[in-house]
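Coordinate analysis (summary)
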Amino acid sequence: ATELESNPRLLSRMIAFGTQNMSLGPAMTREEAVRAVETGIEIVATEVAKGLDIVGTGDMGIGNTTASSAICAVMTEKPVADVTGRGTGIAGRQLARKMEVINRALVVNRPDPAQPLDVLAKVGGFEIGGLVGVMLGAAAHRIPVVIDGFISGAAALIAAALSPRLKDFLIAAHVSAEAGHQLLLRHLGLKPLLDLGMRLGEGTGAALGIFLAEVAARVLAEMSTFAEAGVSERSEPGN
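Report follows, based on the coordinates. (Residues numbered from 1 in each chain as written. Predicted model: local features only at pLDDT ≥ 70, side-chain atom pairs only at ≥ 80, totals over all residues. Heavy atoms only, no water.)

1. Remarks on the overall build of the protein
Applicable threshold: Under the scheme used here, helices are H or I runs from DSSP no shorter than 4 residues and strands are E runs no shorter than 2 residues, and both carry numbers assigned from the N terminus. Partly exposed describes any residue whose relative accessible area lies between the buried limit of under 20% and the exposed limit of over 50%, with all areas from a 1.4 Å probe on protein chains only and scaled to the type maximum. For this analysis, residues touch if any pair of their heavy atoms sits within 4.5 Å. Accessibility throughout is a Shrake-Rupley quantity obtained with a 1.4 Å probe, and a residue counts as covered only by protein chains that appear here. Asp and Glu are treated as the negative residues and Lys and Arg as the positive ones, with His and the ends of the chain left uncounted. Taken as the charge centre is NZ of Lys, CZ of Arg, CG of Asp or CD of Glu, depending on the residue.
The secondary structure content of the protein amounts to 10 helices and 3 strands. Going residue by residue from the N terminus, the α and β elements of the protein occur as α-β-α-α-α-α-α-β-α-β-α-α-α. Across its three principal directions, the C-alpha atoms of the protein cover 75 × 45 × 30 Å. Buried positions account for 45% of the 239 residues belonging to the protein. Put simply, 68% of the contacts in the protein that link residues at least 6 apart link residues at least 24 apart. Here the protein displays about 13400 Å² of accessible surface, and carbon together with sulfur accounts for 54% of that area. Of the charged side chains in the protein, 21 are positive and 25 negative; the average position of the first set lies 6 Å away from that of the second.

As structure tokens, this is what we get:
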């Protein structure tokens, strides 16, 4: 929550110094939510012009599994207890407190699952909004999006609700150890490539998923068929 020094390798697209307390009211205004999404779309468009052909989404943050659990509970219509995990490793009273805060936020804000931008504005984070825009922008350019863990998955719930055809461009890199992630992927109809019990976010799973996607594409495009390689077909028993 501070102004960052200028760096040629850093794109700074700050919306505000953090969102508001969602247990007391909306996390952001609708205008801020729209700006966050549009920022993601803009960044992807810039990268596409440079030759981008696959996207990996990740995040860095503290507390954003709380916002993601709130989004997941609303969009999948599942109980908060079913979609709320330990995040960075909390347990016992802290986990109970986390679920209490999420439940209070949903009661106070009453986010409408039929209005995905309303959900994002009321309980989401700016980084989640940015990821929503990245996914929408990539799909608009027919570029596949390899999503990382729970936070990217929460963004995918919002993005897919805004544009259902976007699901065709999503690849689930892995299923994390977060309680709601498997449920979230099932809701989206996505089958994860990997199950490594990872909690770490930050795009690490997406990086592995991109590697597998590129290998699969090269196998399809470059590997010889049996006919091209002169390999005979399997003979029937007795022949």
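2. A few points about the nonpolar core
Using the following cut-off: Put simply, buried Ala, Val, Leu, Ile, Met, Phe, Trp, Tyr and Cys residues joined by side-chain atoms within 4.5 Å make one nonpolar core.
Core analysis: the biggest nonpolar cluster contains 57 residues, and I71, L106, M135, I147, L166 and L170 have the highest contact counts within it. Residues contacting M135, with those up to four places away along its chain left out, are T57, V145, I147, S152, A155, A156, A159, L166 and L170. One finds I54, V146, I210 and A213 within the second-largest nonpolar core, a separate group that totals 6 residues.

3. Notes on the packing of helix α1 (residues 30-48) against helix α5 (residues 116-123)
As a reminder of what qualifies: Only C-alpha atoms enter the line fits that serve as axes; for helices the fit covers just the stretch in contact. Angles between N-to-C directions range over 0 to 180 degrees. Roughly parallel means an angle under 35 degrees; roughly antiparallel means over 145; roughly perpendicular covers 65 to 115; every other angle is labelled oblique. In this classification, the charged set is Asp, Glu, Lys and Arg, the nonpolar set is Ala, Val, Leu, Ile, Met, Phe, Trp, Tyr, Cys and Pro, and all remaining amino acids, among them Gly, are polar.
At their nearest, the axes of α1 and α5 sit 9 Å apart, and the two run at 105° to each other. Here α1 is positioned roughly perpendicular relative to α5, judged by the angle of their axes. Across the interface between the two elements, R30, A33, V34 and V37 from α1 touch L117, D118, L120 and A121 from α5. Taken together, the residues of the contact of α1 with α5 break down into 6 nonpolar, no polar and 2 charged.

4. Notes on the sheet that holds strand β3 (residues 170-172)
As a reminder of what qualifies: Paired strands, in this sense, are two strands between which DSSP finds at least two bridges.
Ordered by their spatial adjacency, 3 strands build an open sheet running β1-β2-β3, and the pairing between neighbours is parallel. Strands at the two margins of the open sheet, each flanked by one partner only, are β1 (55-57) and β3. The sheet shows a mean angle of 25° between the axes of neighbouring strands, taken without regard to direction. The pairing of strand β2 (residues 145-147) with β3 spans 3 bridges and is parallel.

5. Things to note about the side chain of H174
Going by this rule: Identification of polar contacts relies on pairs of N or O atoms within 3.5 Å, with a donor-acceptor requirement for protein atoms, meaning one able to donate a hydrogen and the other able to accept it, and with residues adjacent in sequence counted only if both atoms are side-chain atoms.
With respect to the helices and strands, the residue H174 is situated in the loop between β3 and α8 (181-188). Within the structure, the side chain of H174 is placed 3.5 Å from the side chain of D148, a separation counted as a polar contact.

6. Some thoughts on α8
What α8 keeps buried is the set H181, L183, L184, L185 and L188. Looking at the packing, one finds that the buried side of α8 touches α2 (64-76), α3 (80-83), β2, α7 (150-162) and β3. Positioned one or two residues after α8, G189 has a phi angle of 75°, which is positive.

7. A short note on the environment of A217
Within the fold, A217 resides in helix α9 (residues 204-222). Considered as a pair, A217 and L136 are 81 residues apart in the sequence and their alpha carbons are 22 Å apart.

8. Description of a nonpolar patch on the surface
This is how the line gets drawn: Like-charged residues within 9 Å of one another, or nonpolar side chains (Val, Leu, Ile, Met, Phe, Trp, Tyr) within 5 Å, are grouped into patches, provided each residue has over 30% relative accessible area and no salt bridge. When a carboxyl oxygen of Asp or Glu is within 4 Å of a side-chain nitrogen of Lys or Arg, the pair counts as a salt bridge.
Where nonpolar side chains cluster on the molecular surface, the patch consists of L193, F211, L212, V215, V219 and M223 and spans about 550 Å² of accessible area. Inspection of the secondary structure puts M223 in the loop between α9 and α10 (226-229).

9. Quick look at the pattern of salt bridges
Tallied over the entire structure, the rule returns 6 salt bridges. Of the charged contacts in the structure, one is a salt bridge between R13 and E42, with a shortest N-O distance of 3.5 Å. A residue pair is termed long-range when its members are at least 10 positions apart, and R13 in the segment before α1 and E42 in helix α1 qualify at 29 residues. Residue E42 is classed as partly exposed on the basis of its relative accessible area, which comes to 38%. Measuring nitrogen to oxygen at the nearest pair gives 3.2 Å for the salt bridge that ties E222 to R218. Of this pair, E222 and R218 both sit in helix α9, 4 residues apart, which is roughly one turn of the helix. Across the pair, R218 and E222 agree in class, each one exposed. One network of salt bridges, in which partners are shared, links R97, E100 and R104.

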